[in-house]
Amino acid sequence: MEKYSRYCSLGLFEEVGKFCRKCLVIMPCYNEEEMLFEHLGALQKQTGAEFDVAVVISRAMDAKAVLGKIRKKRYGYAVALMQRAQDTGSAGGFFLGDMYAVEKGYECVIFADVDGIPGQNDLVQKLVAEFDAGEKLVIPKNRLYYKEETVAVHGCLHHYGLVSCSIMRKCGLHYAPLYLGADDLEYGIRLQKLAKVRRIGRSVSHPFVVLGSKNFEREAVYNVNMALFAIPQNIKYYLYVAGFLPASFLAFGTKRAREYAKTVLWALLFRKYGAELSASLRKVEPQRREIEELENYGAVLSPIKSMGGKNVCIIGKSHSQNEGAKFFEGFSFIPKVFGKETLAFLASGNIIAASMIFAKKVWVKEGEEAFLIADNSNPLLWLCRMGAFFILLPGLVCFALITLLLNIARKENTWGYGLGGKRVFG
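Residues numbered from 1 in each chain as written. Predicted model: local features only at pLDDT ≥ 70, side-chain atom pairs only at ≥ 80, totals over all residues. Heavy atoms only, no water.

**As for the nonpolar core**
To be explicit about the condition: Here, nonpolar core means buried Ala, Val, Leu, Ile, Met, Phe, Trp, Tyr and Cys residues that are tied together by side-chain atoms lying within 4.5 Å of each other. Categorising residues by exposure relies on relative accessible area from a 1.4 Å probe, with only protein chains included: less than 20% of the type maximum marks a residue as buried, more than 50% marks it as exposed, and the intermediate range marks it as partly exposed. Each helix is a run of DSSP H or I of at least 4 residues and each strand a run of E of at least 2, with the numbering of both proceeding from the N terminus. Contacts between residues were defined by any pair of non-hydrogen atoms, one from each residue, lying within 4.5 Å.
Within the largest apolar cluster, 98 residues are counted, with the highest numbers of intra-cluster contacts made by Phe-95, Val-109, Val-163, Phe-249, Leu-268, Met-356 and Ile-373. In terms of residue count, the dominant contributor to this core is helix α9 (residues 235-252) (11 residues). Ignoring sequence-local partners within four residues, the contact set of Val-163 consists of Cys-108, Val-109, Phe-111, Lys-136, Leu-137, Leu-157, Met-168 and Leu-191.

See below:
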């Protein structure tokens, strides 16, 4: 139990209501109190199935205030409220919920990101019905939206994926040291060794988020975690993260992009991930400006079809969270950005990395502003950078292949993680 202690450390633990102890919805929450109660309100509308909810909040939230609101709301389901004494990220939040479910004897769990809201009032009922029919791993559709427009639809374990506790007790719990990013990917790989995914037509609505357009440094953590823990299943992604991406960022990027690339290479070489990697990131303040009218850019890269405009290049549905993302979208957008000042508007890291090579300038949307990530406005300097790119790329591909083998050999055995030892919840 010693190695799990920091992930089980509680500041507050309270149980409210009458528990059914069959199905548990596990919902970690960092500091999104308004979103938390919107989600709990949506769960109140669920019909046809009994379930309990485990809300795992961070130390950044006022636990007593949250508890008071839960008691006042008098939900039709029971709530176990847990506050983590330490920042353990989303992986640590799900791990604590997993442990509660296993120790309390639940039959199945549903993993719910706080910002992924059920699309139908019978979603939980349908998930539990599939479980009752013998399914061990059930995942609904995940509708990703931007201003009510559906941008992409895919499945995600943390967006109302149901898992039988019988297979959790064999393969283990969420790998808490991942901290942030790829925790669902790693856990899903383990779960699918014991059960085939059953996909259903019900859905969850989740905001369309591309980390490079929200938190540039945080995307580095996700990329590294995914690269290290998706192998040997997804070698192509590892080669992209260790080869093409740093070559593009080092040759064409601004100082912020170069820092990003150096951090990724360091992390892959020394196998650094999770909280340690997050703490090591050094954010370089970039050149910023308010986002201008889209017509003022030579090209706009975006998956949002309703944007319109002859300079808008629809880049498809690939993004940093998508399963099997199509790296570079076949480079079909390159002629549209060549030599032009370009805005990457909710574009994924692979799209940004490719556009940096060919565009005159590349700005990336971050919140309500844009920051400069590449400046090729000097043709002579651009030719020098192109030369540097072709020198760097073969070396980084070799680096990728060597570290790939090293990281396959060094990959942690997470099978059975978190099982056994001292009980936390009694």
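Past the structure itself, the notes keep going.
**Some words on the sheet that holds strand β13 (residues 312-314)**
This is how it is decided: Think of it this way: DSSP has to see at least two bridges between two strands before they count as a pair. Interaxial angle, 0 to 180 degrees, is taken between N-to-C directions of lines fitted to C-alpha atoms, where a helix line uses only the stretch in contact.
Ordered in space as β11-β16-β15-β14-β12-β13, the six strands form an open sheet in which the pairing is mixed. Two strands close off the open sheet at either side, each with one partner strand: β11 (288-290) and β13. Mean inter-strand twist for the sheet, computed between neighbouring axes without regard to direction, equals 30°. As defined by bridge partners, strand β12 (residues 299-302) adjoins β13 across three bridges and the pair is classed as parallel. By the bridge assignment for β13, Leu-301 is matched with Cys-313.

**Focus on the packing of α9 against helix α13 (residues 349-358)**
Formally: Angle categories are assigned with fixed cut-offs, so that under 35 degrees is roughly parallel, over 145 is roughly antiparallel, 65 to 115 is roughly perpendicular, and the rest are oblique. In this scheme the handedness of a crossing depends on how the near helix is turned from the far one: anticlockwise by less than a right angle means left-handed, clockwise means right-handed. The residue classification treats Ala, Val, Leu, Ile, Met, Phe, Trp, Tyr, Cys and Pro as nonpolar and Asp, Glu, Lys and Arg as charged. All others, Gly included, are polar.
Interaxial distance between α9 and α13 falls to 9 Å at its minimum, and their mutual angle equals 40°. Judged by the angle between their axes, α9 and α13 are oblique. As α9 runs across α13, the sense of the crossing is left-handed. In this structure, α9 uses Tyr-240, Phe-244, Ser-248, Phe-249 and Phe-252 to contact α13, whose residues at the interface are Gly-349, Asn-350, Ala-353, Ala-354, Met-356 and Ile-357. Taken together, the residues that form the contact of α9 with α13 break down as eight nonpolar, three polar and no charged.

**A few points about helix α2 (residues 33-44)**
Using the following cut-off: The span expected for a helix works out to 1.5 Å for each residue beyond the first.
Along its 12 residues, α2 runs 17 Å from first to last C-alpha, staying within 8% of the 16 Å computed at 1.5 Å per residue. Along α2, the positions that sit buried rather than exposed are Leu-36, Phe-37, His-39, Leu-40, Ala-42 and Leu-43.

**Describing the environment of Ala-195**
Relative to the assigned elements, Ala-195 resides in the loop between α7 (183-191) and β10 (198-207). Under the relative-accessibility criterion, Ala-195 is labelled buried at 12%. Distance in space between the C-alpha atoms of Ala-195 and Ile-167 is 7.9 Å, their sequence separation being 28 residues. Every residue in contact with Ala-195, bar those within four places of it in the chain, is listed here: Lys-136, Leu-137 and Ile-167.

**Here's the deal with the side chain of Asp-98**
Going by this rule: The charge count includes Lys and Arg as positive and Asp and Glu as negative, but it does not include His or the ends of the chains. A pairing counts as a salt bridge when a side-chain nitrogen of Lys or Arg comes within 4 Å of a carboxyl oxygen of Asp or Glu.
Tracing the sequence through the fold places Asp-98 in helix α4 (residues 89-103). Put simply, Asp-98 is tucked away with no salt bridge, and the nearest opposite charge, on Arg-190, sits 7.1 Å away. Apart from the residues within four sequence positions on either side, Asp-98 is in contact with Ile-26, Phe-111, Met-168, Leu-173, His-174 and Tyr-187.

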